[in-house]
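# Close look at the chain arrangement
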Amino acid sequence: MQDNGFLPIENYVPHRGAMLLLDCLLEASDEGAVAQVTVPRDGLFLQDAGMPVWVGMEYMAQTVAAWAGWRALAAGNQVKLGFLLGTRSFQSTVDFFAPDDLLEVRVHCELMGDNGLGMFDCSVARAGDPPLATARVSVFEPEDGSAYVAALKNQENDNHHE
């Protein structure tokens, strides 16, 4: 366990290796979550000027995943695979996040349907500062994400053979 009472982030999200961008979960409730990210000095997505602000979309999506994973585990269920469907109203005040910046990613659930579709109001900021990036994020969490992906692959293969 971490000092804040949460498990390591790998317990809440399906991402692994270089694709796991979050450091830890700081807060979680039925309404939303806050995760922490330290912008790396090297690695995936990093450019000379820093981490492109568009990577903030993935920070937001992974924080939504962490929220969903936290809720699943709290209910005694397994963490499910989810999908980022898109975003509306992405805005930023910077082009890049600076290496070593300690960022807080906040997600607030505006809607979560029984069909797995959800909408979240999200932001990325340095702790205590105004947001550097904001967006409304649409997500989909099917009942069985692996079966959903397999069905999509089968459909794609069928379309290529026609």
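All values derive from a computational prediction rather than experimental measurement.

Summing up its helical and strand segments, the protein chain has two helices and eight strands in all. Per-residue burial over the protein chain gives 36% buried out of 162 residues. Once local pairs closer than 6 in sequence are excluded, the contacts in the protein chain between residues at least 24 apart make up 62%. Entry remark: accessible area of the protein chain is about 9200 Å², with carbon and sulfur atoms responsible for 50%.

Given 3.6 residues to a turn, an α-helix orients residues that are three or four positions apart in the same direction. Its 20 residues give helix α1 (residues 55–74) an end-to-end C-alpha distance of 29 Å, which sits within 8% of 28 Å, the value for a rise of 1.5 Å per residue. Burial of α1 is extensive: 15 of the 20 residues sit out of reach of the surface. Looking one or two residues beyond α1, the residue adopting positive phi is Gly76, at roughly 80 degrees.

Here we come to the packing of aromatic side chains. According to the stated counting rule, one finds three aromatic pairs in the structure shown. For the ring pair Trp67 and Phe120, a centre distance of 5.2 Å and an interplane angle of 75 degrees mean the geometry is edge-to-face. Of this pair, Trp67 sits in helix α1 while Phe120 sits in strand β7 (residues 117–126); the two residues are 53 residues apart in sequence, bridging distant segments of the chain. By relative accessible area, Trp67 is classed as buried at 2%. Of the residues examined, Phe120 reaches a relative accessible area of 1% and is grouped as buried.

Moving on: the nonpolar core. Core analysis: the biggest nonpolar cluster contains 36 residues, and Ile9, Leu25, Tyr59, Met60, Phe97, Leu103 and Phe120 have the highest contact counts within it. Among the elements of the structure, β2 (32–38), α1, β6 (102–112), β7 and β8 (133–140) are those that each provide at least two residues to this core. It is α1 that provides the largest number of residues to this core, a total of nine residues. Each residue touching Phe97, except ones within four places of it in the same chain, is listed here: Val39, Gly50, Met51, Pro52, Val53, Gly56, Tyr59, Leu103, Val124 and Leu132.

What is expected of a backbone is that most residues other than glycine have negative phi and most peptide bonds are trans. A positive phi angle, near 60 degrees, is found at Ser89, a position not held by glycine. Along the chain, Ser89 turns up in strand β4 (residues 83–92). In this structure, Asp100 is a non-glycine residue whose phi angle is positive, near 75 degrees. Residue placement: Asp100 occurs in the loop between β5 (96–97) and β6. Accessibility expressed as a relative area gives 43% for Asp100, which makes it partly exposed.

A few words now on the layout of surface pockets. Of the pockets and cavities examined, the largest pocket occupies roughly 600 Å³. Secondary-structure elements contributing two or more residues to the lining of the largest pocket are α1, β4 and β8. If you tally residues by element for the lining of the largest pocket, the top one is α1, at ten residues.

A few words now on the pairing of β7. For β7, the buried fraction is high: seven of the ten residues fall into the buried class. The pairing of β6 with β7 spans nine bridges and is antiparallel. From the neighbouring strand, Leu111 faces β7, where its bridge partner is Met119. With antiparallel pairing between neighbouring strands as the criterion, β6 and β7 make up a hairpin whose turn holds four residues, including Gly116 at a positive phi of roughly 90 degrees. Bridging between β7 and β8 involves eight bridges; their strand directions are antiparallel. By the bridge assignment for β8, Gly118 is matched with Val139. Two successive antiparallel strands, β7 and β8, enclose a turn made up of six residues, where Gly128 displays a positive phi of approximately 80 degrees.

Conventions and cut-offs
Residues numbered from 1 in each chain as written. Predicted model: local features only at pLDDT ≥ 70, side-chain atom pairs only at ≥ 80, totals over all residues. Heavy atoms only, no water. Helix = DSSP H or I, 4+ residues; strand = E, 2+ residues; numbered from the N terminus. Buried < 20%, exposed > 50% of the residue type's maximum accessible area, 1.4 Å probe, protein only. Contact = heavy atoms within 4.5 Å. Areas by Shrake-Rupley, 256 points an atom, 1.4 Å probe, with all protein chains shown as cover. Expected span 1.5 Å × (residues − 1). Phe/Tyr/Trp six-rings, centres within 6.5 Å; stacked < 30°, edge-to-face > 60°. Core = buried A, V, L, I, M, F, W, Y, C linked by side-chain atoms within 4.5 Å. 1 Å grid on protein atoms, 1.4 Å probe; cavity = no way out; pocket = protein on both sides within 12 Å on 5 of 7 lines; lining within 4 Å. Points joined across faces, edges and corners; volume = space filled by probe spheres on them. Pairing = 2+ DSSP bridges.

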